[in-house]
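# Structural features, examined
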Amino acid sequence: MRRRSVLGAGLGAAALPLAGASAQQRFAGREVVATAFGGPSQDMLQRMVFDRVQRETGARGTQTPLLSANAFARMRAEAQAPQIDLFMFSGGQHVQAKADGLTQPLPAQPHFANVPANLKDPEGHWIAWGLVTEGILYRPDKVPNPPKSYRDFFRPEFAGHIAFPHITNGYGTDFLVMLARAHGGSETNIGPGFDALRRIAPRANIFRSAAEVQTLFASGDIWIMPYDGASAMRSTNMGIPVAYAVPEEGAPYVLLVGCVARRSRNADIAAAILNGHLEPEVQAAIAKDVGWAPVNTATQLPTDVAPFMAPTDKLAHLDRDVINASRAAWTDRFNREISR
Amino acid sequence: MHASARRGLVAAGLLAPAALVFALLFVWPQLGLFLQSMPAGAPLAQYERFLGDSYYLGVLGNSLLLGLCVTLVTLVLGFPLAFLLARAETRWAGLLLLLTSFPLWVSAVVRSFAWMVLFFRNGVASRLLQSTGLVESNFQLIGTFAGVVIALAQVLLPIMIVTLYAVIRGIDRDLEHAAMSLGASPVVALWLVTIRLARGGILAGSLLVFSLSVSAFATPSLVGGARAHFMAVTIYEQTLELLDWPFAAAIAAILLAISISVALTYGRLLGDAKEQAR
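Residues numbered from 1 in each chain as written. Chains lettered and ligands numbered in written order. Predicted model: local features only at pLDDT ≥ 70, side-chain atom pairs only at ≥ 80, totals over all residues. Heavy atoms only, no water.

### Some thoughts on the overall build of chain B
The helix and strand tally for chain B stands at 13 helices and zero strands. Moving toward the C terminus, one meets the helices and strands of chain B in the order α-α-α-α-α-α-α-α-α-α-α-α-α. With the principal axes as the frame, chain B shows a C-alpha extent of 70 × 70 × 30 Å. Across the 278 residues in chain B, those meeting the buried criterion constitute 40%. Counting every atom, chain B has about 15,300 Å² of accessible surface; 73% of that belongs to carbon and sulfur. Here chain B holds 16 positive side-chain charges and 12 negative ones, and the gap between their average locations is 9 Å. (Helix = DSSP H or I, 4+ residues; strand = E, 2+ residues; numbered from the N terminus. Buried < 20%, exposed > 50% of the residue type's maximum accessible area, 1.4 Å probe, protein only. Areas by Shrake-Rupley, 256 points an atom, 1.4 Å probe, with all protein chains shown as cover. Lys, Arg positive; Asp, Glu negative; His and termini not counted. Charge placed at Lys NZ, Arg CZ, Asp CG, Glu CD.)

### Looking at the domain arrangement of chain B
Residue and element names in this part refer to chain B. On domain assignment, one finds that chain B holds domain 1 (1-37) and domain 2 (46-277). Here the C-alpha centre of domain 2 lies 30 Å away from the C-alpha centre of domain 1. Domain 1 puts six residues into the contact, and the matching count from domain 2 is nine residues. For the domain 1 and domain 2 pair, buried surface summed over both sides reaches about 590 Å², with 72% attributable to carbon and sulfur atoms. Three residues stand out in domain 1 for area buried against domain 2, namely L33, Q36 and S37, and they jointly supply 70% of the buried area on that side. Taken together, domain 1 and domain 2 are joined by zero salt bridges. Here the side of domain 1 that touches domain 2 is built from residues that sort into three nonpolar, three polar and no charged. (Domains from an automatic or database assignment. Contact = heavy atoms within 4.5 Å. Buried area = accessible area lost by both parts, 1.4 Å probe. Salt bridge = Lys/Arg side-chain N within 4 Å of Asp/Glu carboxyl O. Nonpolar A, V, L, I, M, F, W, Y, C, P; charged D, E, K, R; others polar.)

### Brief notes about the nonpolar core
Judged by nonpolar contacts, the single largest core of 114 residues is most densely connected at W129 and M225 of chain A. In terms of residue count, helix α7 (residues 145-169) of chain B provides more of this core than any other element does, 14 residues in total. Setting aside residues no more than four positions away along its own chain, M225 of chain A makes contact with G135, I136, L137, F153, A163, F207, V213, L216 and F217 of chain A. M178, A204, A316 and W330 of chain A belong to the second largest nonpolar core, which has 35 residues in total. (Core = buried A, V, L, I, M, F, W, Y, C linked by side-chain atoms within 4.5 Å.)

### Topic: helix α8 (residues 173-181) of chain B
For α8 of chain B, the capping residue at the N-terminal end is D172 of chain B, with a side-chain oxygen 3.1 Å from the backbone nitrogen of D174 of chain B. Immediately downstream of α8 of chain B, the backbone of G183 of chain B shows phi near 105°, a positive value. (Polar contact = N/O pair within 3.5 Å; in protein donor to acceptor, adjacent residues only side chain to side chain.)

### Brief notes about the packing of helix α9 (residues 186-197) of chain B against helix α10 (residues 199-214) of chain B
Residues and elements named next belong to chain B. Their axes nearest at 4 Å, the elements α9 and α10 cross at an angle of 50°. In terms of orientation, α9 and α10 fall into the oblique class. Here α9 contributes I195, R196 and L197 to the contact with α10, which in turn contributes R199, G200 and I202. Of the residues that constitute the contact of α9 with α10, the class distribution is three nonpolar, one polar and two charged. (Axes fitted to C-alpha atoms, helices over the stretch in contact; angles between N-to-C directions. Parallel < 35°, antiparallel > 145°, perpendicular 65-115°, else oblique.)

### Here's the deal with α7 of chain B
Between its terminal C-alpha atoms α7 of chain B stretches 34 Å, which fits the 36 Å expected from 25 residues at 1.5 Å a residue. Roughly 45° is the biggest bend found in α7 of chain B, and it falls at L156 of chain B, with proline P158 of chain B one to four residues downstream. (Expected span 1.5 Å × (residues − 1). Bend = angle between axes of the 7 residues up to and from the residue.)

### Considering the pairing of strand β1 (residues 31-36) of chain A
Residues and elements named next belong to chain A. Burial runs high along β1: five of the six residues are buried. Note: β1 against strand β2 (residues 60-65), six bridges, orientation parallel. Bridge pairing links E31 to R60 in β2. (Pairing = 2+ DSSP bridges.)

### Brief notes about the pattern of salt bridges
Tallying each qualifying case throughout the model produces 25 salt bridges over all chains. Ionic pairing is found between R198 of chain A and D195 of chain A, a salt bridge with its closest N-O pair at 2.6 Å. With R198 of chain A and D195 of chain A both in helix α6 (residues 191-200) and three residues apart, the pair spans about one turn of that helix. Overall, the relative accessible area of 35% leaves R198 of chain A in the partly exposed class. The partly exposed category is assigned to D195 of chain A, whose relative accessible area is 36%. With a closest N to O distance of 2.5 Å, D53 of chain B and R336 of chain A form a salt bridge. Separated into two different chains, D53 of chain B in the loop between α2 (45-51) and α3 (54-87) and R336 of chain A in helix α11 (residues 320-337) make up a pair that spans both. One network of salt bridges, in which partners are shared, links R52, E56, E279 and E281 of chain A.

### A short note on the packing of aromatic side chains
Counted under the stated rule, the structure contains 21 aromatic pairs over all chains. Ring geometry for W129 of chain A and W292 of chain A: centres 6.0 Å apart, planes at 70°, overall edge-to-face. With W129 of chain A in strand β4 (residues 126-138) and W292 of chain A in the loop between α10 (280-289) and α11, this residue pair connects regions lying 163 residues apart in the sequence. W292 of chain A shares its class with W129 of chain A; the two are buried. Taken together, Y150, F153, F164, F175 and F334 of chain A form an aromatic cluster joined through their ring pairs. One cation-aromatic arrangement involves R91 of chain B over W92 of chain B; the distance from NZ or CZ to the ring centre is 5.9 Å. (Phe/Tyr/Trp six-rings, centres within 6.5 Å; stacked < 30°, edge-to-face > 60°. Lys NZ or Arg CZ within 6 Å of the ring centre and 35° of its normal.)

### Details of the packing of α3 of chain B against α7 of chain B
Residue and element names in this part refer to chain B. Contact pair α3 / α7: the axes reach a minimum separation of 6 Å and the direction vectors enclose 45°. Here α3 lies oblique to α7, going by the angle between them. In this structure, α3 meets α7 at a crossing whose hand is right-handed. Of the residues that constitute the contact of α3 with α7, the class distribution is 25 nonpolar, four polar and two charged. (Left-handed = near helix turned anticlockwise from the far one by under 90°.)

### A short note on the interface of chain B and chain A
Each partner contributes to the interface: chain B provides 20 residues, whereas chain A provides 25 residues. A combined buried area of about 2,000 Å² lies between chain B and chain A, and 46% of that area is made up of carbon and sulfur atoms. Contact with chain A buries surface across chain B, with F120, A226 and R227 of chain B losing the most and accounting together for 30% of the total. Remark: the boundary between chain B and chain A carries two salt bridges. Where chain B packs against chain A, one counts eight residue pairs in polar contact (both at pLDDT 80 or more). Elements that contribute at least two residues to the side of chain B that touches chain A include exactly α3, α5 (108-119) and α12 (231-241) of chain B. No other element matches the three residues that α12 of chain B contributes to the side of chain B that touches chain A. A breakdown of the residues in the side of chain B that touches chain A according to their chemical character gives 10 nonpolar, five polar and five charged.

Spelled out as structure tokens, the structure:
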């Protein structure tokens, strides 16, 4: 009963594009369940996306907060009879989900075309709707000449003023990989990265938790560190001047992705929800309030937000499979060679 | 016979609730931990990995050294304070003791954050050291072993003081007076009488502080930062970040074995101290 009205769906597909509550409600009486990352982003998305889709199509959307790893475990456990239709992942689980046959292709939506090809599945099984873009954070009041490259961590004026995250922090791993790339290495040839890090480490502050980023910058002592643009925006909003630079080697990123359980019968609603995430005004609001960069290239960011995000053509695509497989070995080496 | 059997029964009855809680919440999970540290096929592999690696032995050494240093610092700072508090003949003595234990009311995380602010290069503590000329101008206490010792000593000092206070308070002042009337200088009387008699408290306080420092996590990881290579921090990393639970369990078991043997040694010393004091 709560599932679908075949007639309604058929009519809806043939009907005009969404035109407000007065139009034919193509998903009337149906429900869709999605996972969420929790916190302020969830409330905002409920208001700007789920409630709006309900107004326009009649489908009621519910979000349930689940961390990516737990969400993936749930997706796998409920593969035969999914309780959740739309899964949001931030840890790259979508690749595994598709490989394991847990996903299904999404019906095309108007905004999907504006997402760059490398941020969506060629067969339509998943699509990104947000990015956490990494790069170089610095104090513009102490650093008149902005950093441009990961090699700039060796500029003499920065000695004693550098901080970088421990390798068990995801950004710390990405920093290692980007240093390797900047010095002729790669994910599979990490040696040059460790060599570079060993030169920076003796006079650098190595920190573990995200909570320390603001403390470090506020101390006045730390002028430059590799981290994400959203943290720079938060610091600036707190009154600590911190700017964000997209390195010429590219900005590593964390992808926020949606995909639909293979046996879900609500792929059409889920696709409409994802399309709602990709509305330029929603993309801009997510960027401003939460700090996640837009993937819809048609998005116009406000001028006080844009400087803290990397555009989609400046991203560095890291090989997450190699990185995940190397994590234990790299952590061990880091403990012995870098954080002495 | 009958009476002693009944006494034994009463003792068992009194002990039962605590023993039950202890068995259920400590011994049982601890056994699970041991089992996890010995995967079938290679039961000792995780222990060999730890004990055969100079890096991990260094981590163990760091933790033990940290425990030793913090114990010494809290003892040296805590004894005079506890002595003064115990001997203060003022109505304010109770309030003073309360003030001393004040830091215990604040989470160790908050206190460690406060130390972090002081320990950065521009922080008060680091500046003070720089101005003495003993260290380089860019010296900072954050991320150093000394910094962790200072912060942890402050966190644990009240425990030492409260333990010593109770013992010193119980020492009869007339014994000191007797020593002095027999010609001992106050310093000698302090040494021969007070410190001898307070030995039990000194050992108990040291044991508490030592075992708490060896297993401390929040302060070493916050103040020591990424350079904090201590046991608890390593266990955390292996458990939550690398998900190598058998190895984490083995490290935890090694830490527990060391803590227990230290406690037993202390117990022996404590027993001897009581014998001597008699």
